[in-house]
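Spelled out, the chains give:
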Amino acid sequence: MTKAITVAGLHKSFGRTHALDGLDLTVDSGEVHGFLGPNGAGKSTTIRVLLGLLRADSGSVRLGATELTGLAPHRVAALGVARTFQNLALPPHATVADSMLLGRHRLTRAGFLATGLRLPSAAREERRHRARVREVAEFVGLADDLDRPAGALPYGKQKLVELGRALCMEPRVLLLDEPVAGMTADERRRTAAVVAGVRDSLGISIVLVEHDMGVVMRLADAVTVLDFGRRIAGGTPAQVQSDPAVVRAYLGQETDNAAEEATP
Ligand SMILES: Nc1ncnc2c1ncn2[C@@H]1O[C@H](COP(=O)(O)OP(=O)(O)OP(=O)(O)O)[C@@H](O)[C@H]1O
Ligand SMILES: [Mg+2]
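Residues numbered from 1 in each chain as written. Chains lettered and ligands numbered in written order. Predicted model: local features only at pLDDT ≥ 70, side-chain atom pairs only at ≥ 80, totals over all residues. Heavy atoms only, no water.

Side note on the overall build of the protein
Line of reasoning, step 1. For the protein, the count of helices and strands is eleven helices and ten strands.
Line of reasoning, step 2. Across the 264 residues in the protein, those meeting the buried criterion constitute 47%.
Line of reasoning, step 3. Here the analysis covers contacts within the protein between residues at least 6 apart in sequence; of these, 68% occur between residues at least 24 apart.
Line of reasoning, step 4. When the accessible surface of the protein is totalled, it reaches about 12800 Å², and 53% of it is carbon and sulfur. (Helix = DSSP H or I, 4+ residues; strand = E, 2+ residues; numbered from the N terminus. Buried < 20%, exposed > 50% of the residue type's maximum accessible area, 1.4 Å probe, protein only. Contact = heavy atoms within 4.5 Å. Areas by Shrake-Rupley, 256 points an atom, 1.4 Å probe, with all protein chains shown as cover.)

Shown next, in the form of structure tokens:
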């Protein structure tokens, strides 16, 4: 199995806090990979290092065979790493279609000048991008909302717009930091189905940071458990759930919830 992401010996300190303390992990191509761990374990720090938003003190991150370590965020994005934001980051008055079109930016060749001059090539290119936006909207279940202002949609749908925008980047890897936080049960189910669909039909590797154990256990093909900035366990969701180190570190109070949520 080829590796989508390889993290080796990652260290990152904030003052005296060792947020990452020699973290090693791998994410296989085409899988949904869950990051679990208690509060402060280093999950979001790992995501921020992967995105180039934060520079590690030492260690390396690779995308396939490409070294990402030290690259600026726009270079990482250009290599095909997309993310959704933990907090909503949609332009408030833009339509759903235009919000998702923002995701096409890095794929746009014509540029603003040509668009401003209304060159035929630019118009053709915009039509092509809008057609792709429509396809992605259908995929995430927003086809009927394309002309609505994104900011006026219910919260769960706004999160789907974000996911759609990330998919419009045609990424190789998608990083989702708590994608179902704050959603209703119905929105959670729907988002989970979309994430599974992204893996199954688009073949994109997905890193899923999520406190909702039920969602992780249902969706993830593999899980890495972090504690104190290190990998303390990994494997399939079932293996991880019964790992004594995990139960000690984290699952203690949460296994009951997970069991409830996993029951259809
Ligand atoms: N910018 C920062 N400045 C100082 N300390 C930070 C910073 N970012 C993270 N930390 C610390 O690093 C540690 C790891 O934080 P991180 O946000 O990666 O945890 P997490 O696993 O995402 O936790 P949570 O589940 O609560 O989101 C914590 O002790 C946190 O307080
Ligand atoms: Mg976090």
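Regarding empty space enclosed by the protein
Remark: the empty space left among the atoms is shown by a probe the size of a water molecule rolled over them.
Line of reasoning, step 1. Applying the stated criterion across every chain yields a total of one cavity of 30 Å³ or more.
Line of reasoning, step 2. A volume near 80 Å³ is recorded for the largest cavity.
Line of reasoning, step 3. Those elements that place two or more of their residues in the lining of the largest cavity are helix 6 (155-168) and helix 7 (185-202).
Line of reasoning, step 4. The dominant element in the lining of the largest cavity, judged by the number of residues it contributes, is helix 6, at four residues.
Line of reasoning, step 5. Residue composition of the lining of the largest cavity, by class: seven nonpolar, two polar and two charged.
Line of reasoning, step 6. When residues are assigned to domains, the lining of the largest cavity turns out to be shared by domain 1 (1-80 + 172-264) and domain 2 (92-170), each giving three or more. (1 Å grid on protein atoms, 1.4 Å probe; cavity = no way out; pocket = protein on both sides within 12 Å on 5 of 7 lines; lining within 4 Å. Points joined across faces, edges and corners; volume = space filled by probe spheres on them. Nonpolar A, V, L, I, M, F, W, Y, C, P; charged D, E, K, R; others polar. Domains from an automatic or database assignment.)

So, the nonpolar core
Line of reasoning, step 1. Among the nonpolar cores identified, the biggest contains 36 residues, and Val96, Met100, Leu174, Ile206 and Leu219 are the most heavily contacted of them.
Line of reasoning, step 2. At the level of elements, helix 3 (96-101), helix 5 (120-140), helix 6, strand 7 (173-177), helix 7, strand 8 (205-209) and helix 8 (213-219) are the ones that each hand at least two residues to this core.
Line of reasoning, step 3. No other element matches the six residues that helix 6 contributes to this core.
Line of reasoning, step 4. Looking at this core, you find at least three residues from each of domain 1 (1-80 + 172-264) and domain 2 (92-170).
Line of reasoning, step 5. Not counting residues within four places of it along the chain, the set of residues in contact with Met100 comprises Val133, Val136, Ala137, Val161, Gly164, Arg165 and Cys168. (Core = buried A, V, L, I, M, F, W, Y, C linked by side-chain atoms within 4.5 Å.)

Some details on the confidence of the model for the protein
Line of reasoning, step 1. Across the protein, the average pLDDT comes to 87, with 87% of residues at or above 70.
Line of reasoning, step 2. Long-range and interchain partners of residues 253-264, a stretch whose pLDDT sits below 50, account for eight contacts in this model, where long-range means more than four residues apart. (pLDDT = per-residue confidence, 0-100.)

Some details on helix 1 (residues 43-50)
Residue pairs three or four apart in sequence face the same way in an α-helix, which turns once every 3.6 residues.
Line of reasoning, step 1. Burial within helix 1 is extensive, with six of its eight residues counted as buried.
Line of reasoning, step 2. Those residues of helix 1 that sit buried are Lys43, Thr45, Thr46, Ile47, Val49 and Leu50.

What to know about unusual backbone geometry
Line of reasoning, step 1. One non-glycine residue with positive phi stands out, namely Glu170, at about 55°.
Line of reasoning, step 2. Within the secondary structure, Glu170 is located in the loop between helix 6 and strand 7.
Line of reasoning, step 3. Positioned with a positive phi, Glu178 is a non-glycine residue whose angle comes to about 50°.
Line of reasoning, step 4. On the secondary structure map, Glu178 appears in the loop between strand 7 and helix 7.

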